[in-house]
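# Tertiary structure, described
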Amino acid sequence: MLTASDLEINVLEFRQRSFQFDRLATFEAEEYAVFSRTETESESQFRPRLLRLHLVVPLSWVVLDEANDSLRIARDGITAPPHLIEMVIEVGAEPPTFKEQGIEWARTSGPGLVHYYGPADRSDRLFSPEGHVALGV
């Protein structure tokens, strides 16, 4: 399992975006790595607004992909999925549930143009008010 210092010096690739490590947090007896990213809402808008994206991943799923110098997500915690290059979809155009790196994910939105990504099977609990407090998002 990776340490906080391993997470701090590498970026995690998710949805064709790079996320920076924020913190480790424990929720319902499981340790999670919380990553974040800030990006513009849409380059095509006259005055794009800033979006804040938070990605919550069980720490045991995060692996170091040494060949690509990045962190990846592997449900088994061992096998990094192949590095795929796909088109980037604007956050607002993404479906609320999707499959990424062989795992079902859910995206929810919060106030102030904040979006949260987490495993679909846990997203209701992770992004409940109690989950937000425990995760610091």
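Since the structure is predicted, the reported quantities are computational estimates derived from the model, not experimental observations.

## With respect to the environment of Asp-22
- Mapped onto the elements of the fold, Asp-22 is located in strand S2 (residues 17-27).
- By relative accessible area, Asp-22 is classed as partly exposed at 35%.
- Distance in space between the C-alpha atoms of Asp-22 and Leu-55 is 9.7 Å, their sequence separation being 33 residues.
- Dropping the residues within four chain positions of it, Asp-22 is found in contact with Val-34, Phe-35, Ser-36 and His-54.
- A distance of 2.8 Å separates polar atoms of two side chains, one belonging to Asp-22 and the other to Ser-36.

## Observations regarding the side chain of Ser-36
- Along the polypeptide, Ser-36 turns up in strand S3 (residues 30-40).
- Once you skip the residues sitting within four places of it in the chain, Ser-36 turns out to touch Phe-19, Gln-20, Asp-22, Leu-53 and His-54.

## Things to note about the pairing of S2
- The sheet contact formed by strand S1 (residues 12-14) and S2 spans 3 bridges and is antiparallel. Each bridged residue has a counterpart across the sheet, and for Glu-13 the counterpart in S2 is Ser-18.
- A loop of 2 residues connects S1 with S2, the two strands running antiparallel in sequence, and Arg-15 in this loop sits at a positive phi of about 60 degrees.
- Both S2 and S3 contribute to a ladder of 7 bridges, which runs antiparallel. Of the residues in S3, the one forming a bridge with Arg-23 is Val-34.

## Section: the nonpolar core
- Within the largest apolar cluster, 22 residues are counted, with the highest numbers of intra-cluster contacts made by Leu-7, Phe-14, Phe-35, Leu-55, Val-62, Ile-73 and Trp-105.
- At the level of elements, S1, S2, S3, strand S4 (50-58), strand S6 (70-73) and strand S8 (103-110) are the ones that each hand at least two residues to this core.
- Per element, the largest residue contribution to this core is 4 residues, and it comes from S4.
- Leu-7 has contacts with Leu-2, Phe-21, Leu-24, Ala-33, Phe-35, Leu-59, Val-62 and Leu-71, leaving out every residue within four places of it along the chain.
- Residues Ala-25, Tyr-32, Val-56 and Tyr-116 belong to the second largest nonpolar core, which totals 10 residues.

## Some words on the side chain of Asn-10
- Summarising the element assignment, Asn-10 is placed in the loop between helix H1 (4-8) and S1.
- Among the residues examined, Asn-10 registers a relative accessible area of 14% and is labelled buried.
- The contacts of Asn-10, once residues within four sequence positions are left out, are Leu-64, Asp-69 and Leu-71.

## Let's talk about the packing of aromatic side chains
- Enumeration over the complete set of coordinates arrives at 9 aromatic pairs.
- Geometrically, the ring pair formed by Trp-61 and Trp-105 is edge-to-face, given 6.4 Å between the ring centres and 85 degrees between the ring planes. Of this pair, Trp-61 sits in the loop between S4 and strand S5 (62-65) while Trp-105 sits in strand S8, and the two are 44 residues apart along the sequence. For the pair formed by Trp-61 and Trp-105, the shared burial category is buried.
- By the ring-pair criterion, three or more aromatic residues cluster together here, those being Phe-14, Phe-19, Trp-61, Phe-98, Trp-105 and Tyr-117.
- Over the aromatic face of Phe-98 sits the side chain of Arg-15, whose NZ or CZ is 3.8 Å from the ring centroid.

## Topic: the pairing of S5
- As defined by bridge partners, S5 adjoins S6 across 4 bridges and the pair is classed as antiparallel. Within the sheet, the bridge partner assigned to Val-63 lies in S6 and is Arg-72.
- Hairpin connection between S5 and S6: a loop of 4 residues separates the two successive antiparallel strands, and Asp-69 in this loop has a positive phi of roughly 50 degrees.

About the thresholds
Residues numbered from 1 in each chain as written. Predicted model: local features only at pLDDT ≥ 70, side-chain atom pairs only at ≥ 80, totals over all residues. Heavy atoms only, no water. Helix = DSSP H or I, 4+ residues; strand = E, 2+ residues; numbered from the N terminus. Buried < 20%, exposed > 50% of the residue type's maximum accessible area, 1.4 Å probe, protein only. Contact = heavy atoms within 4.5 Å. Polar contact = N/O pair within 3.5 Å; in protein donor to acceptor, adjacent residues only side chain to side chain. Pairing = 2+ DSSP bridges. Core = buried A, V, L, I, M, F, W, Y, C linked by side-chain atoms within 4.5 Å. Phe/Tyr/Trp six-rings, centres within 6.5 Å; stacked < 30°, edge-to-face > 60°. Lys NZ or Arg CZ within 6 Å of the ring centre and 35° of its normal.

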